[in-house]
Amino acid sequence: MKKVIVILLFLHISLALAIPVAAAERTYTYEPRQDNVTGEAAELLEKALPESMSGVADMAKDTVINGGKGGLDGRFIFSELIKTVKNEITGPLQVFFSLIFLVVAAAVFKTLSAAVRSGGVASAFTLCSSLCFCVAVLFPLEKVVNSGAALIEEINAFVLGLLPLFTSLYAAGGNVACAAYASSGVYLLTSLIENVFLHLLLPLARTILAVILTASVCTMDMSGIVKAMKDFFTTAIAFFMMINSAVYTFGNHIAAAGDSVAMRTVRFAAGSFIPVVGGAVGEALRTVAGGLSVIKAGVGWASCAVLMLMLLPPLISALFYRTAFELAAAAARLCSLQAEARLLDGAATVCGLICALMAASSVLFLLAVTVFVKTAVA
């Protein structure tokens, strides 16, 4: 009887202290804040744009927001190419016709000096002709060299302006080692090489121009000096391009591999040790990675499009001037003006060196952007 009373008393106390419990099902949806990241990336890109590209800032931001699809598309760049050709062809045409006029006049005066059969008259004619051709090529070449210097300076400033953007997107995607690697050295190496181009090779091109102009008005043979400086110029470009490519390729791949291993470890830990929602956290990380890949693609295409718009005017102008000098040199040879032809060939050579320098600077920038875009989000 006592046992029955104790059991009933225990049941009564248990019922009195019982708390109602009910199971409820809740669904959580992860929505990553990609819009904020996209907006910040677009703002950073706008700040990094050179002043000469301020007119395409809105289109660049739109391209970043739409993942590479925006105002800076292939049709716009092609239209700018056509417009640039129309704008830049006038100066080289004027120089070409001026040189053709000088070639004809020099041929006539050379014939007259030969008829006079006087050594003093022939020497005076040669000196006057060389001076006229020097003046005719000096100002166009100065324009080409200054345009190349301005482009290299803008590319250098653009690289340094994009460094905070690249670093932040690296870090946001889990590429912490890549972010440290980029900010501490690799993009600064690109900037260093651009400065070498600007302060070493560009003055060397000016020196080659000065030697060519000097050789046209004196009797000394300076072709060996010109060849030595030209070989040093091309070898230096190739060497710095090789160093930059090696540093980008191997260093960035090693850093990216370390980031990938670290992020896979985080995903595994989240999926294994976080109950119920661990798998959802892993999927959310993959969603963020996909969104950041789209943003990086938009930033990469916008940066490349801006570079092409920066490169078109000076490069097309230099190529047109080079063609004008080469055609004029061919006309000079037809008229047996060998000294003038060598001068015009030297002017064409200087234009070619400036084109190579601008192309190398652009390739360094494209390599930096390509490595940034192709580095997978960890």
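Since this is a predicted model, take the numbers as computed values, not measurements. (Residues numbered from 1 in each chain as written. Predicted model: local features only at pLDDT ≥ 70, side-chain atom pairs only at ≥ 80, totals over all residues. Heavy atoms only, no water.)

Considerations on the overall build of the protein
Link 1 in the chain: Scanning the protein from terminus to terminus reveals 10 helices and 0 strands.
Link 2 in the chain: What you see in the protein, going N to C, is helices and strands ordered as α-α-α-α-α-α-α-α-α-α.
Link 3 in the chain: Sequence-distant contacts, at least 24 apart, represent 81% of the contacts inside the protein between residues at least 6 apart.
Link 4 in the chain: As displayed, the protein has an accessible area near 20,100 Å², and 69% of this comes from carbon and sulfur atoms. (Helix = DSSP H or I, 4+ residues; strand = E, 2+ residues; numbered from the N terminus. Contact = heavy atoms within 4.5 Å. Areas by Shrake-Rupley, 256 points an atom, 1.4 Å probe, with all protein chains shown as cover.)

Considerations on the pattern of salt bridges
Link 1 in the chain: Here the structure, examined in full by the defined rule, presents 7 salt bridges.
Link 2 in the chain: A salt bridge links arginine 206 to glutamate 142; the shortest N-O distance between them is 3.1 Å. Taken as a pair, arginine 206 in helix α7 (residues 176–216) and glutamate 142 in helix α6 (residues 119–172) lie far apart in primary sequence, 64 residues in all.
Link 3 in the chain: Here arginine 322 and glutamate 326 are joined by a salt bridge, their closest N and O atoms 3.3 Å apart. Of this pair, arginine 322 and glutamate 326 both sit in helix α9 (residues 278–334), 4 residues apart, which is roughly one turn of that helix.
Link 4 in the chain: Given the relative accessible area of 36%, glutamate 326 is considered partly exposed.
Link 5 in the chain: Here the salt bridges do not stand alone but share partners, grouping Glu43, Glu46 and Lys61 into one network. (Salt bridge = Lys/Arg side-chain N within 4 Å of Asp/Glu carboxyl O. Buried < 20%, exposed > 50% of the residue type's maximum accessible area, 1.4 Å probe, protein only.)

Quick word on the environment of phenylalanine 158
Link 1 in the chain: In this fold, phenylalanine 158 is placed in helix α6.
Link 2 in the chain: As for phenylalanine 158 and lysine 47, which are separated by 111 residues in sequence, their C-alpha atoms are 9.5 Å apart.
Link 3 in the chain: If we skip the residues at most four places from it in the chain, phenylalanine 158 touches Leu45, Ala48, Leu49, Pro50, Ser303, Val306, Met310 and Phe365.

Some details on a nonpolar patch on the surface
Link 1 in the chain: On the surface, Val104, Val108, Phe109 and Leu112 cluster together into a nonpolar patch covering about 370 Å² of accessible area.
Link 2 in the chain: Look at phenylalanine 109 and you get partly exposed, because its relative accessible area is 49%. (Patch = residues over 30% accessible without salt bridge, like charges linked within 9 Å, V, L, I, M, F, W, Y side chains within 5 Å.)

Structural notes on the side chain of serine 317
Link 1 in the chain: Turning to its location among the elements, serine 317 is positioned in helix α9.
Link 2 in the chain: With relative accessibility at 5%, the residue serine 317 sits in the buried group.
Link 3 in the chain: Beyond its immediate chain neighbours, meaning those up to four positions away, serine 317 contacts Glu88 and Pro92.

What about unusual backbone geometry?
Link 1 in the chain: One non-glycine residue, serine 336, lies in positive phi territory at about 60°.
Link 2 in the chain: Within the secondary structure, serine 336 sits in the loop between α9 and α10 (338–374).

Focus: helix α4 (residues 74–88)
Link 1 in the chain: Under the 1.5 Å per step criterion, the end-to-end length of α4 is 21 Å for 15 residues, consistent within 8% with the ideal 21 Å.
Link 2 in the chain: Looking at α4, one finds that the buried residues are Phe76, Ile77, Thr84 and Glu88. With its buried residues spanning 95° around the axis, α4 presents them on a single face. Exposed residues lying more than 90 degrees from the buried face of α4 are Arg75, Phe78 and Lys86. (Expected span 1.5 Å × (residues − 1). Arc of directions from axis to C-beta.)

A few points about helix α3 (residues 57–65)
Link 1 in the chain: Of the residues making up α3, those classed as buried are Ala57, Ala60, Lys61, Thr63 and Val64. The buried side chains of α3 occupy one side of the element, clustering within an arc of 160° when seen end-on. Exposed positions of α3 whose direction lies more than 90 degrees from the buried face are Asp58 and Ile65.

A short note on the confidence of the model for the protein
Link 1 in the chain: Looking at the protein as a whole, its pLDDT mean stands at 75, while 69% of the residues score no less than 70.
Link 2 in the chain: Across the protein, element-level confidence peaks in α4 with a mean pLDDT of 88 and bottoms out in helix α1 (residues 2–17) with 53.
Link 3 in the chain: Counting contacts from residues 28–35, a segment whose pLDDT is below 50, to residues more than four positions away or on other chains yields 8 contacts.
Link 4 in the chain: Every residue in residues 253–290 is under pLDDT 50, and counting partners more than four places away or in other chains gives 32 contacts. (pLDDT = per-residue confidence, 0-100.)

Some remarks on the side chain of serine 303
Link 1 in the chain: As for its placement among the helices and strands, serine 303 is situated in helix α9.
Link 2 in the chain: By relative accessible area, serine 303 is classed as buried at 0%.
Link 3 in the chain: Dropping the residues within four chain positions of it, serine 303 is found in contact with Leu45, Phe158, Leu162, Phe365 and Val369.

Re the environment of lysine 374
Link 1 in the chain: Among the secondary structure elements, lysine 374 is positioned in helix α10.
Link 2 in the chain: Given a relative accessible area of 68%, lysine 374 falls into the exposed group.
Link 3 in the chain: Taking the C-alpha atoms as reference points, lysine 374 and glycine 300, separated by 74 residues in sequence, lie 9.6 Å from one another.

As for the state of the cysteines
Link 1 in the chain: Applying the stated criterion across every chain, the model contains 0 disulfides.
Link 2 in the chain: Residue cysteine 355 stays outside any disulfide, its sulfur separated by 6.7 Å from that of cysteine 351, the closest cysteine.
Link 3 in the chain: In this structure cysteine 355 comes out as buried when scored by relative accessible area, which is 7%. (Disulfide = S-S within 2.5 Å.)

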